[in-house]
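In case you want the letters, here they are:
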There are 2 protein chains.
Amino acid sequence: MTLSPTRRRAGTTSAPVVPSRGRLLPLGLDEVRITGGPWARRQDVNGTATLSHIEHWLEREGWLGNFDAAVRGTLPEDRRGREFSDSEVYKLLEAMAWELGRRPDDQLERRFAAIVRRVAAAQEPDGYVGTMFGRPGQQPRYSDLEWGHELYCQGHLMQAAVARVRTGHRDDLIVEVARRSADHVCATFGRDANAGVCGHPEIEVGLAELGRALDEPRYLEQARLFVERRGRGVLADIEWGRSYYQDDVPVRDATVFRGHAVRANYLAAGAIDVAVEHGDDALLASVTAQWHRTQARRTYVTGGQGSHHQDEAFGDDWVLPPDRAYSETCAGVGSVMVSWRLLLAEADPVYADAVERTLLNVVATSPSHDGRAFFYANTLHQRVPAEHASVDEISKRAEASLRAPWFEVSCCPPNVARTFASLAAYVATVDDGGLQLHQYAPCEIRTSLPDGSPVAVDVVTRYPDDGRVEISVLEAPDADWTLTLRVPAWSSEAFVAVDGAAPERVGPGSVRVSGARSGSVVTLELDVAPRFVAADPRIDAIRGCVAVQRGPEVLCLESVDLAPAGLDDVSAVAVDVSTPPRRTEDGVVVRVAAVRHDEAPWPYAPAAETPAERPVLGPATDVTLVPYHDWANRGPSTMRVWLPVL
Amino acid sequence: MTLSPTRRRAGTTSAPVVPSRGRLLPLGLDEVRITGGPWARRQDVNGTATLSHIEHWLEREGWLGNFDAAVRGTLPEDRRGREFSDSEVYKLLEAMAWELGRRPDDQLERRFAAIVRRVAAAQEPDGYVGTMFGRPGQQPRYSDLEWGHELYCQGHLMQAAVARVRTGHRDDLIVEVARRSADHVCATFGRDANAGVCGHPEIEVGLAELGRALDEPRYLEQARLFVERRGRGVLADIEWGRSYYQDDVPVRDATVFRGHAVRANYLAAGAIDVAVEHGDDALLASVTAQWHRTQARRTYVTGGQGSHHQDEAFGDDWVLPPDRAYSETCAGVGSVMVSWRLLLAEADPVYADAVERTLLNVVATSPSHDGRAFFYANTLHQRVPAEHASVDEISKRAEASLRAPWFEVSCCPPNVARTFASLAAYVATVDDGGLQLHQYAPCEIRTSLPDGSPVAVDVVTRYPDDGRVEISVLEAPDADWTLTLRVPAWSSEAFVAVDGAAPERVGPGSVRVSGARSGSVVTLELDVAPRFVAADPRIDAIRGCVAVQRGPEVLCLESVDLAPAGLDDVSAVAVDVSTPPRRTEDGVVVRVAAVRHDEAPWPYAPAAETPAERPVLGPATDVTLVPYHDWANRGPSTMRVWLPVL
């Protein structure tokens, strides 16, 4: 498709992604306020607990102190943390910036400024920022593009600056720091300079967004150079092949996301930015096709991506065993970045479905209810109860325990935090014709169309517990306009009604309501009845199983919920699919039967002697499922998303 | 159980494992000669191609040259290869020694001696051998017990020496080198010295066997110390936890094999040696119980072990997805080491079943038909055709290609070689009452019982192609004696006949034939008809699938065999289990139907819309399966062992 340049709206949009072309225009945190429901709770916990939790650990582990050590001149001796630890500081700054954008807070403002001062003090005269390379006793700058993460870190610095620019602090110190860093990167990696790329993509989105925010085409051009260079064996070959960091095939020639799942998504996001800004429709079409195949063949039912532990990478098509599903939290964040950009570019509601699925079932699964512990990987089948993580120790291993307060590689906590703080940006968009609602949460939207006409709606809903979404139009453009509502593909049926009119059945995708006037109430009814879901049989590892979904949420069976039935492990039951899952006061229940397992010295036997259906012990019984994102909040347990069919 | 000390037989037994107690006594390569059939072919290829292939690569990669560099004093500058590369040299020496033991060859003898001289020249005055540690510019000796592999390497040196002692070269230089190394190890790690253990078990079996071979109780005691120390957090905690190297739980307190699958098996083998030699029946019982649970819950249908790529480790119980099954070749070798030791100790034929399964379906799968390329990992489901490995380059990654000539971590080729060269040792044993046949191959057995009575039998068979095994008794003891034949558990029925008598049906386990006289012919008939095999449903990843086995062999579907049916990928078919697999001139065929896959943008859908049975396209057709150990010998292909049921 060809994107026509869209008229910008007046002023700055307070959102992480603000392309200059695309079918849809994003709205900012000042235009969309989530006022209740689960997303508001997540944002509250994020703002009140997670941000300070992260700051505490960054200080405690010395990752913030690295910047002070740089100023003192005591690097490398005093260097703490891994090569990418600077980036966690920047992700926290980005999260704080969005949080301040949605809810000003003097104390948080002072904490933010204090961190920025420490970072700024460590910036080198030529604009380089980084505590790991380049000083006497350290490796030279950019001497290890494969693993050094120097450009990755600076990309995150730029995203933090973007958050500041977009929330009304264009003159902030961090913006100046990021601008000088970006100038340094352009000077160092420009067309006639170092022809390298970073082993971990991120600088591409960082430069693209900073270029957009500051109207600086040089940054957009540098992002384009990084995207174009990649895939030609620029980086060294490694044990897992150059596909690990997507340096095996040029971005535009690839057919699917592959290699390290976070890297793959970050690169795709950067490539979309470049394609959109440079009018490169062929590149956009290529990334779109890659996204579709990745969704169709390489994504867990939760939206999670990456099935390999070894290299945190995508497997081949259909390699999605729930056992040790890796589904890294940050790959979920990256996937939201990609889907959201494609939604803005192409307006296809399939992308909003993916954003919702991934936010709810991957990103929201990571943090504990108190916002102070996180899953790094998100398995779909826990066979042995994991131990509690130490509340006081850094976790060395992605999947060694229940949610952990901090990791040696601690990208996930601040990545979740910056996503949650900016969550309102994913709710709605506008275009010349009207307003589009993509995600459903109680919220107030106060915005304007590109022609300046004000639009204001309030959304009232108990979604996703309930499928009813009421949109009250408080202010409508004078001219004809359209309110577009996403109808998620999972809703078996959907109805829309305007004011008192009879509900009209609508198909999946989106429904357009035209000409609603101030005072109108548009009601969308989605079917959030729980349902059994089965998989393409090419995902061999879940043959003969079903999952249960309720609206956008994936549910799971957790062993603690088997106790009332006198059972203690999720392997002890199979599900009776002749009884549909149903809602009760306790939640969604399914009918299961206890199954008997024969203990044999060797688990393989002539097929005739292995009954396809396992013997049932005792009467069928109902068990309650919990949302997957809520699992493991009640202590060690076994858990499974995919339930064998009786 | 309590093992009573067994009377030794006169002379040296030319076998890798010669315990001083146990239910069964091993026979040597000079007592059992495999005369034909697939094992003889494997041994021929091993002797004529693989040994020189390995020597070539050890020389080419400089791993042999490391010993020369040590002598020259140019280490560490000239050091090549990984920290454990010395061990590959010792494994080759062991393989050569067994090869010389079964088939004297002057040229091979000279090559063997030349390598030994280079190793011996590098031995330090205090007996230490190793090219990676301890010299100026290298890390101090034993400063990295977790990863340094110094004791592991010396353990392999000892096993090479054992092969020499047991094949009549007690005065060989390598025996002296190993003895001095063992003395050094005892002095360094004895009761009142360094209380460490090696991160990779192997020194335990090395010391135990050298102690047996040289009648040196100090070595056996040192092996005991190493086994007893382990499991108490002697080694550092690492990313994957101390279970990686079995330092999480004392050996006798463990309940299952866990962590790195090669390490787990090598340690278990050493623990059995220690238990047997020191009369520690509790330790033996513990390892036996661990073996049983590991077989019942953590072993692939091929006998392969270890499902994790990341840490080459066992997964939790039932985590055995065929996708990316790791099943490292060396874990198979280690598993044979363990099962064989348990068979000698306990005489239970279940261990011989395991030895056969693992040799045939894991160890024999590794080498190509020409013996010059190897699988390091042995997946059970190849979804995308792997590329050819470079014949001229070292492979960095265990599963990156088809069989590769050499690896950065190249344990598998020499481990296969030493196993194949000593294969005859696994065929038969004796005890006070007679002779036991455990593996069936055309062979000549010329031995004696512990009381000195000579026994000679010839075995004629086309096993495993055919289930008929004829044992001609050429010489029988005067006293009453018993010929015991293993009846594999997979044989649905079995018959035994002595001379012209009517065949007698016998159950699985073993059958004892008493009093056969010289000239008698004992005939065993096993059922090698191909059969469908299904799995315990707790191995969730293969629910709804069957495998096909023929006798001891696991078969697989390879895409090249789908071409006659006009299909090109193994995902394109499901198997009709109502038609049993059957033999034809081309091999075993099964009836399959092509299945249609709906291409959907999202692979999960309401269960009612996802038919349990996939639509059949066109008429059912027969396809030929190949033995799993033969796969990937006809170029890149897709392959699967577990076939979905139609």
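Conventions we followed
Residues numbered from 1 in each chain as written. Chains lettered and ligands numbered in written order. Predicted model: local features only at pLDDT ≥ 70, side-chain atom pairs only at ≥ 80, totals over all residues. Heavy atoms only, no water. Helix = DSSP H or I, 4+ residues; strand = E, 2+ residues; numbered from the N terminus. Buried < 20%, exposed > 50% of the residue type's maximum accessible area, 1.4 Å probe, protein only. UniProt positions renumbered as here; feature names shortened; annotations may be inferred. Contact = heavy atoms within 4.5 Å. Salt bridge = Lys/Arg side-chain N within 4 Å of Asp/Glu carboxyl O. Polar contact = N/O pair within 3.5 Å; in protein donor to acceptor, adjacent residues only side chain to side chain. pLDDT = per-residue confidence, 0-100. Pairing = 2+ DSSP bridges. Axes fitted to C-alpha atoms, helices over the stretch in contact; angles between N-to-C directions.

By the naming in an unreviewed UniProt entry, chain A is Glycoside hydrolase family 127 protein, taken from Isoptericola variabilis.

A.B. asks: Please clarify how unusual backbone geometry should be interpreted in this entry.
C.D. replies: With the exception of glycine, the majority of residues adopt a negative phi angle, and the majority of peptide bonds are in the trans configuration. A cis geometry characterises the amide bond from A:Tyr463 onward to A:Pro464, with omega recorded as 5°. In this structure, A:Pro464 sits in the loop between β7 (454-461) and β8 (468-475). A positive phi angle, close to 70°, is found at A:Ala347, a residue other than glycine. Assignment of secondary structure puts A:Ala347 in the loop between α11 (329-346) and α12 (349-361). Even without being glycine, B:Trp318 reaches a positive phi, approximately 75°. Here B:Trp318 is to be found in the loop between α10 (281-297) and α11 (329-346). B:Trp318 sits in the buried class, given a relative accessible area of 8%.

A.B. asks: Looking at this model, I keep getting lost on the UniProt feature "domain: Non-reducing end beta-L-arabinofuranosidase-like GH127 middle" (unreviewed entry) in chain A. Mind explaining?
C.D. replies: Those residues carrying the UniProt feature "domain: Non-reducing end beta-L-arabinofuranosidase-like GH127 middle" (unreviewed entry) are residues 435-527 of chain A in this numbering. Within residues 435-527 of chain A, the helical portion is 0% and the strand portion 55%, while the C-alpha atoms at the span's ends are 23 Å from each other.

A.B. asks: What am I meant to see in the interface of chain A and chain B here?
C.D. replies: Bring the parts together and some accessible area is lost; that lost area is often taken as the interface size. The interface is formed by 63 residues belonging to chain A together with 63 residues belonging to chain B. Where chain A touches chain B, the interface holds eight salt bridges. In this structure, B:Arg640 and A:Asp540 form a salt bridge, with 2.8 Å as the shortest nitrogen-oxygen distance. Taken together, the links from chain A to chain B amount to 26 residue pairs in polar contact (both at pLDDT 80 or more).

A.B. asks: Even after reading the chapter, I still don't get the confidence of the model for chain A, so can you show me in this structure?
C.D. replies: Do not read the fine detail of predicted coordinates wherever pLDDT is low. Model confidence for chain A is summarised by a mean pLDDT of 95, while 97% of its residues fall at 70 or above. For this predicted complex, the interface confidence score (ipTM) comes to 0.94, while the overall pTM stands at 0.96.

A.B. asks: Is there a simple way to think about the sheet that holds strand β1 (residues 25-26) of chain A in this case?
C.D. replies: Two pairing modes exist for strands in a sheet, parallel and antiparallel, and in both the strands are linked by backbone hydrogen bonds. Residue and element names in this part refer to chain A. Within the open sheet, the five strands sit side by side as β1-β4-β5-β9-β12. Their pairing is mixed. Looking at which strands have only one partner, the edges of the open sheet turn out to be β1 and β12 (509-514). One ladder, built from six bridges, connects strand β9 (residues 482-487) with β12; its direction is antiparallel. Across the sheet, Val-487 pairs through a bridge with Gly-509, a residue of β12. Together, β9 and β12 form the strand contacts of α12, whose direction differs from that of β9 by roughly 55°.

A.B. asks: Explain the sheet that holds strand β2 (residues 32-34) of chain A here, please?
C.D. replies: All names here are of chain A. The seven strands are arranged β2-β6-β7-β8-β13-β10-β11 in an open sheet whose pairing can be described as antiparallel. Looking at strand neighbours, the two that pair on one side only are β2 and β11 (504-506), the edges of this open sheet. Direction aside, neighbouring strands of the sheet carry axes that sit 20° apart on average. Pairing of β8 with strand β13 (residues 521-526) involves five bridges; the strand directions are antiparallel. What sits directly across from Ser-472, in β13, is Val-521.

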